[in-house]
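As a plain string of letters, each chain reads:
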Amino acid sequence: MPDITRDVMLAFARVHVLHHAAGERIFGVGMMDELARHGYALGPGTLYPLLHRLETDGLLKVESQVVAGKARKYYTITRRGRAALAAIRPKLKELVDEVLSE
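Residues numbered from 1 in each chain as written. Predicted model: local features only at pLDDT ≥ 70, side-chain atom pairs only at ≥ 80, totals over all residues. Heavy atoms only, no water.

Draft legend 1. Spotlight on unusual backbone geometry. Unusually for a residue other than glycine, alanine 68 sits at a positive phi of about 50°. Note that alanine 68 resides in the loop between β1 (60-67) and β2 (70-77). On the accessibility criterion, alanine 68 (80% relative accessible area) is exposed. (Helix = DSSP H or I, 4+ residues; strand = E, 2+ residues; numbered from the N terminus. Buried < 20%, exposed > 50% of the residue type's maximum accessible area, 1.4 Å probe, protein only.)

Draft legend 2. The arrangement of the pairing of β2 in detail. Bridging between β1 and β2 involves eight bridges; their strand directions are antiparallel. Bridge assignment links valine 66 to a residue of β2, and that residue is alanine 71. Taken together, β1 and the strand that follows it, β2, pair antiparallel across an intervening segment of two residues, in which alanine 68 is found at a positive phi of about 50°. (Pairing = 2+ DSSP bridges.)

Draft legend 3. Spotlight on the side chain of threonine 78. Mapping threonine 78 onto the fold places it in the loop between β2 and α4 (79-100). Among all residues touching threonine 78, those that are not within four sequence positions of it are Gly58, Leu59, Leu60 and Lys61. (Contact = heavy atoms within 4.5 Å.)

Draft legend 4. Main features of the pattern of salt bridges. Tallying each qualifying case throughout the model produces five salt bridges. Measuring nitrogen to oxygen at the nearest pair gives 4.0 Å for the salt bridge that ties arginine 25 to glutamate 63. You can see arginine 25 sitting in the loop between α1 (3-23) and α2 (28-37) and its partner glutamate 63 sitting in strand β1, a full 38 residues away along the chain. The class of glutamate 63 is partly exposed, set by a relative accessible area of 46%. Notably, a salt bridge pairs lysine 91 with glutamate 94, separated by 3.8 Å at the nearest N-O pair. Linking lysine 91 with glutamate 94, this pair stays in helix α4, spanning three residues, or about one helical turn. We classify lysine 91 as exposed; its relative accessible area is 57%. Taking relative accessible area as the criterion, glutamate 94 reaches 46% and is therefore assigned partly exposed. (Salt bridge = Lys/Arg side-chain N within 4 Å of Asp/Glu carboxyl O.)

Draft legend 5. Broad picture of the packing of aromatic side chains. Counted by the stated rule, this structure contains one aromatic pair. The ring of tyrosine 74 is capped by arginine 25, whose NZ or CZ atom sits 3.6 Å from the centre of that ring. (Phe/Tyr/Trp six-rings, centres within 6.5 Å; stacked < 30°, edge-to-face > 60°. Lys NZ or Arg CZ within 6 Å of the ring centre and 35° of its normal.)

Printed below as a string of structure tokens:
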């Protein structure tokens, strides 16, 4: 896959993650499954650094919980993440309208 395609797809995945984290808490494997439903082939080596980066940037917060004897990290959107998503949405709509109108 060309670098620009990969970069754009990763950006789309980040927006997708923020969108879902705004609606409910998410976790890695569940998000990988959700993204796969939409055609994103992201493995753990890509998704977990993406989640960590969103957390480091203050867009997601993480909470650990034991599920079936294993620690699972749940992510929820922060105020900063909601603000970023709110800023992205109109630009995304504008881009989609323009690009897909041709």
